[in-house]
Structure formats: structure tokens, C-alpha cells
Amino acid sequence: MKIAVLASGDIHTTKWVNSFVQMGHEVHLIMLEPVLEETKAQLHVLPFPRPLGGILNFWHLRRLLKRLKPDLLHVHGASLDGLLGRLSGFHPSVVSVLGSDVFTFPYESRLKHRILIDNLKHYDWIGSTSEYMAEQVLRLLPGEQRVTVTPFGVNLQSFAPRPELRNKNFITIGTVKTLHPKYGVDLLINAFARARTRLQQTAPDLAGKMRLLIVGRGPLRAVLLELVNQLGLQDFVEFVPQVPNKQVPELLNRMDVFVALSRCKSESFGVAVVEASACELPVVVSNMGGLPEVVRNGETGIIVEPENADKAADALIQLISDEGLRAKMGSAGRLRVQREYEWSGCVKKMQTLYSHVLAGRANGTASR
């Protein structure tokens, strides 16, 4: 199969296209900016960058697709890239919704709402990383039946428990996330501080073992560093800059508990949470967006109210205080990832979707 993919150069795109290349497909990755992650696909960079590239590149994309003659076009993102894919007029085509394209973009103006709806209607099929996001598509397009959940899984060989990397002298709480207000890293710091203060009264030995590991970069870094200083946590919190995805498993395996306290509805799936579960970490997540979808409350982790540092602190204390519970939840988390989010299985789901769309077009049933 010859596949054209219109997308950004993030790690998610790279993993998809590289997997299809490894399966023997011919993959052409079309981008508005040069790729940032190593890709095995054939790369094509369009002349105009975002945001205007979503319109200005349409003639260049048409000519490229006419030359390549792919069997299928897959567009990652339903807003500006979705518009560009629509303007190309190419079929058969699939669009994958990513999060903010369906949760934020269509509510910024009537024009953007109209653009998004028309984009979704253009494609032969719509892929969604999560059930939560698929439900949002149905809110935008009531009665739409051409939506398939194509979860973003993890490689269980790369993301696996390595207990020898953990420092037995500490109990490390951690997260791997962009340091942006919407991801609630400030809530995590406050929850850590409150849990530590309370344990100092009831279990000072445990309080003394607590450490916080924050991995990522972003516009909130200076603010978060100041918060750590204000709370007197300088000796207990470590910031690690963003690292390549291949280094994430090592950092996860330094942790005992993984936390994601997003305050953002467009948190569509929670890949980092799935990666943590694959490493047998118990997780604490906010009841926000698609995060609860990847956690079984009380089994693989604990789901807490959003914007509630006290409830998050309660969850941390429960896990810090019970090593057996941490081990039990971590083990259950990895088993769930094996059943539902193992990477090769997710790739097969996407390949099945491609085959379904191609068969529908051949039978004259997939066009809109």
C-alpha cells in the first residue's frame, strides 16, 4: 500500500509512519515544517508554514499527490491541516482528530466552527485516539457513523519495568509533561507539598523519603521553579528538561508513582499515562478529558477531582503509605496496557481502517 500522511513531525506521527514502513508499506510524510523526529518515511516539505500554510499550500499538495498517486491520504489533525487536506480534494482520505482541533478550534468563532464541520464531512473516515474524543466528534456531527477509535499505544519492550533503576531510599512521585498551565503541574507541586506536610505529622520517615521528579519543558518552568522555592521544596524536587522519547522509559523507571493532573478538556487520551502503566507504575490522574479512559479507578490507579490539590494529596498519601498497593496497581496497569494498548495491535487497527476505507471506495460506499 502507498500511503501519504499529512502531519506535523512529532513523536506520535513518527511512530505511526515508521511502523507502516516496517510493515512493508510505501509511506510519504508530507509536512509544513521540517521533521523533528527521525522518520523512515519519504519526506516532503511544503513551501508555506503554519498557519497560512493551511490554505496557501493547497496547490502544491494537489500537485504532489497527483505525482505520488498514493492509495490513501491520512491527515493528522482536523483543523488547519484538515482544511489543507480538504482543499487538495484527494480521496480516499482519512482524518485523525487530535484534541484541540475538535475541543477548542470550532468554538473560537463561527467561521472556525464551519470550517471544522466541513473538514470532517469531507473525509471518507474519521479516526479518534479515544472514546472520549469520538464522543466529541459526534457532538459536532450528530449521527455520524464513520468514526473509529484508533488508540495510540506503546511498545511494551521499550516501556517495561526496570526496578533496578529506582532508588530504594526514596519514594519518587513524577510526571512527564509539557510545562504549560493546562497540564496542572502546579497542582502536582502543591499536592506533593501538602502530602509531605501531613506525613511529617503521622509518618515522618515516609515524608523524609518523598521526592518529586518533573520531566519536561515549557512556558511555565520559571513559575514552577518559583513555586517550589516558595514552598521550601528545593531539596526535594528535581526538574529534568524534555528528553527524546527513547529516554522516557528510563526516567519513568526512576518513579514510584506517576501523576497527571490536567485541567484541560482537550487532554484527549493520556499517552504518558499509558506509558507509565506499561512500566508498572500506579497512576494518579484528574477526572478530565480522556485521562479516566486509560485508568481503572482503584485498580490501576486513582482518579481525583480536577483542580483539587487536597484530593490529589490524599491519593499520594494512600500510595506512598502502601508499597503493596503500589505494586498491585502497577502490575494491573501493565496487564491492561497489554490487552488494550500494545503498539502492534494499535497499528493493526489502523491498517484495518485503511483497508476498510479502500474497500468502501472501491465499492462506491465510502464517499461523502
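Residues numbered from 1 in each chain as written. Predicted model: local features only at pLDDT ≥ 70, side-chain atom pairs only at ≥ 80, totals over all residues. Heavy atoms only, no water.

Once that is clear, we can look at the overall build of the chain. Per the secondary structure count, the chain includes 15 helices and 13 strands. At 22 Å, the chain has a C-alpha radius of gyration in line with the 21 Å of a compact globule built from 368 residues. Taking the principal axes of the C-alpha coordinates as reference, the chain spans close to 70 × 40 × 40 Å. Burial analysis of the chain (368 residues in total) assigns 55% to the buried set. Excluding contacts between residues fewer than 6 apart, the proportion of contacts in the chain whose partners are at least 24 apart in sequence is 68%. Surface summary for the chain: the accessible area is close to 16,300 Å², and the carbon and sulfur share equals 51%. (Helix = DSSP H or I, 4+ residues; strand = E, 2+ residues; numbered from the N terminus. Rg over C-alpha atoms; globule rule 2.2 N^0.38 Å. Buried < 20%, exposed > 50% of the residue type's maximum accessible area, 1.4 Å probe, protein only. Contact = heavy atoms within 4.5 Å. Areas by Shrake-Rupley, 256 points an atom, 1.4 Å probe, with all protein chains shown as cover.)

The next point concerns the nonpolar core. Counting residues in each nonpolar core, the largest one holds 51 residues, and the members touching the most others are Trp16, Phe20, Val215, Leu252, Met255, Phe258 and Val273. Of the residues forming this core, the biggest block, seven residues, is contributed by helix 15 (residues 343-362). Those residues in contact with Trp16 that lie beyond four places of it in its chain are His76, Thr150, Pro151, Phe152, Trp343, Cys346, Val347 and Met350. (Core = buried A, V, L, I, M, F, W, Y, C linked by side-chain atoms within 4.5 Å.)

Strand order in the open sheet formed by six strands is 10-9-8-11-12-13, and the pairing between neighbours is parallel. Sheet topology places strand 10 (237-240) and strand 13 (301-304) at the edges, where each strand pairs with a single neighbour. Strand-to-strand twist across the sheet, computed as the mean angle between neighbouring axes with direction ignored, equals 20°. Sheet analysis places strand 8 (residues 171-176) next to strand 11 (residues 257-260), joined by two bridges and oriented parallel. From the neighbouring strand, Ile173 faces strand 11, where its bridge partner is Val257. Contacts from helix 13 (residues 309-320) reach strand 8, strand 9 (210-215), strand 11, strand 12 (283-286) and strand 13 within the one sheet, and its direction differs from that of strand 13 by about 165°. (Pairing = 2+ DSSP bridges. Axes fitted to C-alpha atoms, helices over the stretch in contact; angles between N-to-C directions.)

Turning our attention to the environment of Gly174. Structurally, the position occupied by Gly174 is in strand 8. The class for Gly174 is buried, based on a relative accessible area of 0%. Between the alpha carbons of Gly174 and Ile214 there is a distance of 5.7 Å; along the sequence they are 40 residues apart.

Before going further, it helps to examine the side chain of Ser262. One can find Ser262 in the loop between strand 11 and helix 12 (271-278). Within the structure, Ser262 has its side chain in polar contact with the backbone nitrogen of Cys264 (distance 3.1 Å). (Polar contact = N/O pair within 3.5 Å; in protein donor to acceptor, adjacent residues only side chain to side chain.)

Pairing is parallel across the open sheet formed by seven strands, whose spatial order is 3-2-1-4-5-6-7. Strands with a single pairing partner mark the edges of an open sheet, and in this sheet they are strand 3 (42-45) and strand 7 (147-149). Neighbour to neighbour, the strand axes of the sheet diverge by 25° on average, direction disregarded. Strand direction decides the pairing type here: strand 4 (residues 72-76) and strand 5 (residues 93-97), joined by four bridges, are parallel. Bridge pairing in strand 5 links Leu73 to Ser93. Of the strands in this sheet, strand 1 (2-6) and strand 4 touch helix 4 (residues 80-88), which is tilted by about 155° from strand 4.

Before going further, it helps to examine the pairing of strand 2 (residues 26-31). Buried residues dominate strand 2, accounting for five of its six residues. Direction of pairing for strand 1 relative to strand 2: parallel, over a ladder of five bridges. Paired with Ala4 across the two strands is His28, which belongs to strand 2. Running through helix 1 (residues 11-22), the crossover from strand 1 to the neighbouring parallel element strand 2 is right-handed. One ladder, built from four bridges, connects strand 2 with strand 3; its direction is parallel. Directly across from Ile30, in strand 3, lies its bridge partner His44. (Right-handed = clockwise from strand over helix to strand, strands pointing away.)

With that settled, consider the pattern of salt bridges. As enumerated under the stated definition, the model contains 13 salt bridges in all. A salt bridge links Arg50 to Glu33, with the shortest nitrogen-to-oxygen separation between them at 2.4 Å. A residue pair is termed long-range when its members are at least 10 positions apart, and Arg50 in the loop between strand 3 and helix 2 (53-56) and Glu33 in the loop between strand 2 and strand 3 qualify at 17 residues. In this structure Arg50 comes out as partly exposed when scored by relative accessible area, which is 29%. Between Arg50 and Asp81 there is a salt bridge, with its nearest N and O atoms 2.5 Å apart. (Salt bridge = Lys/Arg side-chain N within 4 Å of Asp/Glu carboxyl O.)

This brings us to the packing of aromatic side chains. Tallying each qualifying case throughout the model produces six aromatic pairs. An aromatic cluster is present here, built from Trp16, Phe152 and Trp343 joined pairwise through their rings. Between Lys177 and the ring centre of Tyr183, over which it is positioned, the NZ or CZ distance is 4.5 Å. A cation sits over an aromatic face here: Arg196 above Phe236, 3.8 Å from the ring centre. (Phe/Tyr/Trp six-rings, centres within 6.5 Å; stacked < 30°, edge-to-face > 60°. Lys NZ or Arg CZ within 6 Å of the ring centre and 35° of its normal.)

Moving on: the packing of helix 4 against helix 6 (residues 110-122). Viewed as axis vectors pointing N to C, helix 4 and helix 6 meet at an angle of 55°, and their least axial separation amounts to 9 Å. By the angle between their axes, helix 4 is oblique relative to helix 6. Handedness of the helix 4/helix 6 crossing: left-handed. From helix 4, Gly82, Leu83, Gly85 and Arg86 reach across to helix 6, where they touch Ile115, Asp118, Asn119 and His122. A per-class count over the contact of helix 4 with helix 6 returns two nonpolar, four polar and two charged. (Parallel < 35°, antiparallel > 145°, perpendicular 65-115°, else oblique. Left-handed = near helix turned anticlockwise from the far one by under 90°. Nonpolar A, V, L, I, M, F, W, Y, C, P; charged D, E, K, R; others polar.)

Read these as spatial facts, not as claims about activity.
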